[in-house]
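Chains, contacts and geometry: an overview
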Amino acid sequence: MALTANWSYPTAIRFGAGRIAEIADACCAANIKKPLLITDRGLADMEITTRTLDLLEAAGLGRAIFADVDPNPNEKNAAAGVQAFKDGRNDGVVAFGGGSGLDLGKLVAFLAGQTRPLWDFEDIGDWWTRADADAIAPIVAVPTTAGTGSEVGRASVITNSETEEKKIIFHPKFLPTVVICDPELTVGMPKFITAGTGLDAFAHCVEAFCSPHYHPMSQGMALEGMRLVKDYLPRAYADGTDLEARAHMMSAAAMGATAFQKGLGAIHALSHPIGAMYHTHHGTTNAVCMPAVLQFNKPAISGVIGQAANYLNIEGGFDGFCTFVDKFNASLGIPKTLTEMGINSIDIDRVVAGALSDPSTGGNPVEMTADNTRRLLLACI
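A brief report on the enclosed structure follows. (Residues numbered from 1 in each chain as written. Predicted model: local features only at pLDDT ≥ 70, side-chain atom pairs only at ≥ 80, totals over all residues. Heavy atoms only, no water.)

1. Considerations on the side chain of Asn-286
With respect to the helices, strands and loops of the structure, Asn-286 is situated in helix H9 (residues 282–296). Among all residues touching Asn-286, those that are not within four sequence positions of it are Asp-200, Ala-203, Ile-267, His-268 and Ser-271. (Helix = DSSP H or I, 4+ residues; strand = E, 2+ residues; numbered from the N terminus. Contact = heavy atoms within 4.5 Å.)

2. Examining the nonpolar core
In this structure, Leu-107, Phe-202, Met-226, Leu-270, Leu-294 and Phe-321 are the most contacted members of the largest nonpolar core, which totals 102 residues. Excluding its chain neighbours within four sequence positions, the residues that come into contact with Phe-202 are Met-226, Val-229, Met-290, Phe-321, Phe-324 and Val-325. If you look at the next biggest cluster of nonpolar residues, it comprises 20 residues, including Cys-27, Ala-30, Leu-53 and Val-140. (Core = buried A, V, L, I, M, F, W, Y, C linked by side-chain atoms within 4.5 Å. Buried < 20%, exposed > 50% of the residue type's maximum accessible area, 1.4 Å probe, protein only.)

3. Some thoughts on helix H11 (residues 317–331)
Across its 15 residues, H11 extends 21 Å between first and last C-alpha, which sits within 8% of the 21 Å expected from 1.5 Å per residue. Taken residue by residue, H11 has Phe-318, Gly-320, Phe-321, Cys-322, Phe-324, Val-325, Phe-328 and Asn-329 as its buried positions. Downstream of H11 by a residue or two, Gly-333 has a phi angle that is positive, lying close to 75°. (Expected span 1.5 Å × (residues − 1).)

4. Remarks on the side chain of Glu-151
Among the secondary structure elements, Glu-151 is positioned in the loop between strand E6 (139–143) and strand E7 (155–160). Comment: no salt bridge for buried Glu-151; closest opposite-charge side chain is Lys-106, at 7.7 Å. Discounting chain neighbours no more than four positions away, the residues touching Glu-151 are Leu-102, Ala-141, Pro-143, Pro-176, Val-179, Cys-181 and Ala-254. (Lys, Arg positive; Asp, Glu negative; His and termini not counted. Salt bridge = Lys/Arg side-chain N within 4 Å of Asp/Glu carboxyl O.)

5. Some details on helix H6 (residues 216–238)
If you check H6, its first and last C-alpha atoms are 34 Å apart, about what 23 residues at 1.5 Å a residue would give, namely 33 Å. At Tyr-232, H6 is bent by approximately 40°, the largest bend along its length, and proline Pro-234 sits one to four residues beyond. For H6, the set of buried residues is Ser-218, Gln-219, Met-221, Ala-222, Leu-223, Gly-225, Met-226, Leu-228, Val-229, Tyr-232, Leu-233 and Ala-236. Summarising the contacts, the buried residues of H6 are in contact with helix H5 (191–210), helix H7 (243–259), helix H10 (298–311) and H11. (Bend = angle between axes of the 7 residues up to and from the residue.)

6. Examining the pattern of salt bridges
Counting across every chain of the model gives 19 salt bridges. The partner of Lys-167 in a salt bridge is Glu-122, with the nearest N and O atoms 3.5 Å apart. Taken together, the residues Lys-167 in strand E8 (residues 165–170) and Glu-122 in the loop between helix H4 (99–111) and E6 connect sequence positions 45 residues apart. Overall, the relative accessible area of 17% leaves Lys-167 in the buried class. With a shortest N-O distance of 2.1 Å, Asp-349 and Arg-374 are connected by a salt bridge. You can see Asp-349 sitting in helix H12 (residues 348–357) and its partner Arg-374 sitting in helix H13 (residues 370–380), a full 25 residues away along the chain. Assessed through its relative accessible area of 48%, Asp-349 is described here as partly exposed. Judged by relative accessible area, which is 34%, Arg-374 ranks as partly exposed. Taken together, the salt bridges that share partners define one network made up of Arg-14, Arg-19, Glu-22 and Asp-25.

7. A look at the packing of H5 against H9
With their axes 7 Å apart at the nearest point, H5 and H9 run at an angle of 45° to one another. As far as their axial angle goes, H9 and H5 are oblique. As for how H5 packs across H9, the hand of that crossing is left-handed. From H5, Gly-196, Leu-199, Asp-200, Phe-202, Ala-203 and Val-206 reach across to H9, where they touch His-282, Gly-283, Thr-284, Asn-286, Ala-287, Met-290 and Leu-294. (Axes fitted to C-alpha atoms, helices over the stretch in contact; angles between N-to-C directions. Parallel < 35°, antiparallel > 145°, perpendicular 65-115°, else oblique. Left-handed = near helix turned anticlockwise from the far one by under 90°.)

8. As for the packing of aromatic side chains
A full pass over the atoms with the stated rule returns eight aromatic pairs. Taking 6.3 Å as the distance between ring centres and 15° as the angle between the ring planes, the aromatic pair formed by Phe-202 and Phe-321 counts as stacked. Separated by 119 residues along the polypeptide, Phe-202 in helix H5 and Phe-321 in helix H11 bring together distant segments of the chain. Taking the relative accessible area as the measure of exposure, Phe-321 reaches 0% and is therefore buried. A centroid spacing of 6.0 Å and a plane angle of 55° characterise the contact between Phe-202 and Phe-328, whose relative ring orientation is tilted. In this pair, Phe-202 sits in helix H5 while Phe-328 sits in helix H11, placing the two residues 126 residues apart along the sequence. The exposure classification of Phe-202 matches that of Phe-328, with both residues buried. Aromatic ring contacts, followed pair by pair, group Phe-202, Phe-321, Phe-324 and Phe-328 into a single cluster. The positively charged end of Arg-130 is found above the aromatic ring belonging to Trp-127, 4.2 Å away from the centroid. Here Lys-191 stacks its cationic end above the ring of Tyr-237, 4.5 Å away from the centre of that ring. (Phe/Tyr/Trp six-rings, centres within 6.5 Å; stacked < 30°, edge-to-face > 60°. Lys NZ or Arg CZ within 6 Å of the ring centre and 35° of its normal.)

Right under this line is the structure:
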């Protein structure tokens, strides 16, 4: 089967090895004549980034890059990015990288034309309607990891550096106009990033599948996304040059992010404040929290997880699925606890408060009260 395709769900996606060569045409399709490529510091000087800049420059689209982006991007990064966008008189963004580069790139395209402050657009009620939709710059997204799926998302996760809280900034036009999913760009990912990002995609699929809200399209996508991760993440982890495995993992990442329109849950509700406070890798934190969250939600999800286990050829229903998760994490070098991740002292009260205020809480199958969220967090430590 040829792993090359053009998709229009949820947006235009150019999928396949080598398709970064179409970056200039993608910008043209998005009506971008002078893009600002936004990525993180680690990617700024890598060959995949310089090659992309070469392609833009050769097409007469300039060579502008902004890479002052933290692993958990914050409002300071956003302000600097907006200033760079304005100083360069850019008219669109190429959001390039993993979750941090993609989220910050989308946010800069959104904020550059707004007059209200960033936190006025937090994902609360209809706050997104405060934005001037006509002032949002077009976005081309190019993921270089296979995990967050931010390339097909309508939001950015941004850390408030003063309060150490992760906030979701939402607007329908955060959705990029064109996405280029080129698995060749993920070949250089180190093993721990391959594992952490891949398990982030798995967490998106698991939580979406377990969310009690009605969205059968997301349900099907989440189930198949789980299968792709189960079958292909071990291959990508073992051999980073396995392009078939890398391609399927890029699909799983986009599928997970599309599926979680149905909802997330306690895994993300915990990992967001933990990541904001202790600067842990998001996908790895999700993986560490998943076993405890599965047990926490068992009364509500044992049946649906049993269905997933059958589809995934995992014996033993809910318990078998949980055993699989434990072994899967271990095979990918994931720590068993937050303590093993290097967090030696956790401010339990602050993490619990952050979890309860996180939008992901609303998608959890079991109500997260302060007391049971505290018990859940202790199970992760």
